[in-house]
Protein chains: 2
Amino acid sequence: MPTTTKAVQTARAKAEYNAFLAVCPSRQLLERISDKWVVLILCALGGETSGEVDGSRAARAMRYSELARLLTGVSPKMLTQTLRALERDGLVSRAVTPTVPVTVTYELTELGRSLHDLTRNLRQWAQVHMDEVLAHRAGHDAATS
Amino acid sequence: MPTTTKAVQTARAKAEYNAFLAVCPSRQLLERISDKWVVLILCALGGETSGEVDGSRAARAMRYSELARLLTGVSPKMLTQTLRALERDGLVSRAVTPTVPVTVTYELTELGRSLHDLTRNLRQWAQVHMDEVLAHRAGHDAATS
DNA sequence: CAGTATCCAGCTAGATACTG
DNA sequence: CAGTATCTAGCTGGATACTG
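Please read all numbers here as calculations on a predicted model, not as lab measurements.

Draft legend 1. Spatial organisation of the interface of chain B and chain A. Across the boundary between the two partners, chain B contributes 52 residues, which contact 52 residues of chain A. Buried area between chain B and chain A, summed over both chains or domains, comes out near 4,800 Å², and the portion from carbon and sulfur atoms is 71%. Inspection of the region where chain B meets chain A yields four salt bridges. Among the ionic pairs, Arg88 of chain A bridges to Asp141 of chain B, the shortest N-O distance being 2.5 Å. Looking at the side of chain B that touches chain A, the elements that each hand over two or more residues are helix H1 (4-22), helix H2 (25-33), helix H3 (36-45), helix H5 (76-88) and helix H6 (110-144) of chain B. In terms of residue count, the dominant contributor to the side of chain B that touches chain A is H6 of chain B (19 residues).

Structure (structure tokens):
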């Protein structure tokens, strides 16, 4: 069988590879939070609008345009797309108030807040270790050049 | 000035946007760990070769080909590229033993292990909450269809 | 106000073949 | 064994214009 062997092997490898991915739940989580707009929206709705690490800001609901203004440079497409995805996963809730014109607010759910706590921990680690990482990177680049 | 206005506005928006990104250190960290091969390599070198959560497996050095075999489906290009990036950031160390043929092993550094601890926490959260997320997602899809 | 629709460019990952 | 080199295809995100 000269024609199938390669393809079969590839398919098999793909299957195993997917299996390996599947057993790593942190992968699934990363798939959700590794999107840059997700992190920023989480920050915004979680109340981290400044660079502070006081950790005491309250989560609050924000309007679509409010988010758009805060996440400077986000296109309506990405903002909507990201918010929809987060809503789909039960991390944010969307509330429509039938004023004229219509008012829509987004807010972290309980689950969303627990995820936000995680990203806060990430931020914590980052603030402690990223300098080290960046320093090592710079050193490595200098040594290699 | 009819021609510059738009571009200037865009550039300004980009700058502000980058500033907002910069104040969020967790973004930088995510930039590093959100790569799927990074997570898998961290898992592998951290000793999480199975889906177990016993948390007691020791980190160990692994050879290039060993990693390639474990991360089924990874291309040599991606494997090398990812390992180099991790080495550059001081998260893994690369050791060459001048045997014939040459033997190369990779190992988590102290910093790498601390990052691996983080991904373990992520895995923890994922195992607790991902079902909830996926259930909500399924429910949302069913309601929307 | 809060989106939707469309188009396009850039980057990245995968396949593949080759080498010290 | 442990990579490097090259090419290409697909997806993602950004710009932009339009609408209930």
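Draft legend 2. Structural view of the protein's contact with DNA strand C. Close contacts around DNA strand C come from 20 residues, with Ser65, Arg94 and Tyr106 of chain A together with Lys36 and Lys77 of chain B the closest. Sugar plus phosphate, as a fraction of atoms of DNA strand C within 4 Å of the protein: 66%. Interatomic distance of 3.1 Å between a side-chain N/O atom of Arg63 of chain A and a phosphate oxygen of DNA strand C. Separating a phosphate oxygen of DNA strand C from a side-chain N or O atom of Tyr106 of chain A is a distance of 2.6 Å. The set of elements that each furnish at least two residues to the surface near DNA strand C consists of helix H4 (64-70), helix H5 (76-88) and strand E3 (103-108) of chain A together with H3 and H5 of chain B. For the surface near DNA strand C, the element with the most residues is H5 of chain A, which contributes four residues. Classifying every residue of the surface near DNA strand C gives eight nonpolar, four polar and eight charged.

Draft legend 3. Summary view of the relation of the copies chain B and chain A. The two copies are related by a screw operation: chain B maps onto chain A through 180° of rotation and 0.0 Å of translation along the axis, at an RMSD of 0.0 Å. Seen this way, the second copy is the image of the first under a two-fold rotation axis. Nearest to the rotation axis, the C-alpha of Ser34 of chain B is located 2.7 Å from it, this being the minimum over chain B.

Draft legend 4. The arrangement of the protein's contact with DNA strand D in detail. Taken together, 20 residues sit near DNA strand D, with Lys36 and Lys77 of chain A together with Ser65, Arg94 and Tyr106 of chain B positioned nearest. If you look at DNA strand D and keep only atoms within 4 Å of the protein, 65% of those are sugar or phosphate atoms. Interatomic distance of 2.3 Å between a side-chain N/O atom of Lys77 of chain A and a base oxygen of DNA strand D. One of the side-chain nitrogen or oxygen atoms of Arg94 of chain B is found 2.6 Å away from a phosphate oxygen of DNA strand D. Secondary structure elements with two or more residues in the surface near DNA strand D: helix H3 (36-45) and H5 of chain A together with H1, helix H4 (64-70), H5 and strand E3 (103-108) of chain B. Looking at the surface near DNA strand D element by element, the count peaks at four residues for H5 of chain B.

Draft legend 5. A look at the environment of Gly47 of chain A. Structurally, the position occupied by Gly47 of chain A is in the loop between H3 and strand E1 (62-63). Distance from Gly47 of chain A to Arg60 of chain A, taken between C-alpha atoms, is 6.5 Å for residues 13 residues apart in sequence.

Draft legend 6. The sheet that holds strand E2 (residues 92-97) of chain A, seen in detail. Residue and element names in this part refer to chain A. Overall, antiparallel pairing links the three strands, which are arranged E1-E3-E2 in an open sheet. Strands at the two margins of the open sheet, each flanked by one partner only, are E1 and E2. Relative to E3, E2 runs antiparallel, the two being bridged by six bridges. Directly across from Arg94, in E3, lies its bridge partner Tyr106. Seen against the sheet, H3 touches E1, E2 and E3 and runs at an angle of roughly 95° to E3. Relative to the sheet, H5 contacts E2 and E3, its axis offset from that of E2 by approximately 110°.

What counts and how
Residues numbered from 1 in each chain as written. Chains lettered and ligands numbered in written order. Predicted model: local features only at pLDDT ≥ 70, side-chain atom pairs only at ≥ 80, totals over all residues. Heavy atoms only, no water. Contact = heavy atoms within 4.5 Å. Buried area = accessible area lost by both parts, 1.4 Å probe. Salt bridge = Lys/Arg side-chain N within 4 Å of Asp/Glu carboxyl O. Helix = DSSP H or I, 4+ residues; strand = E, 2+ residues; numbered from the N terminus. Near = heavy atom within 4 Å. Polar contact = N/O pair within 3.5 Å; in protein donor to acceptor, adjacent residues only side chain to side chain. Nonpolar A, V, L, I, M, F, W, Y, C, P; charged D, E, K, R; others polar. Least-squares fit on C-alpha atoms with pLDDT ≥ 70 in both. Pairing = 2+ DSSP bridges. Axes fitted to C-alpha atoms, helices over the stretch in contact; angles between N-to-C directions.

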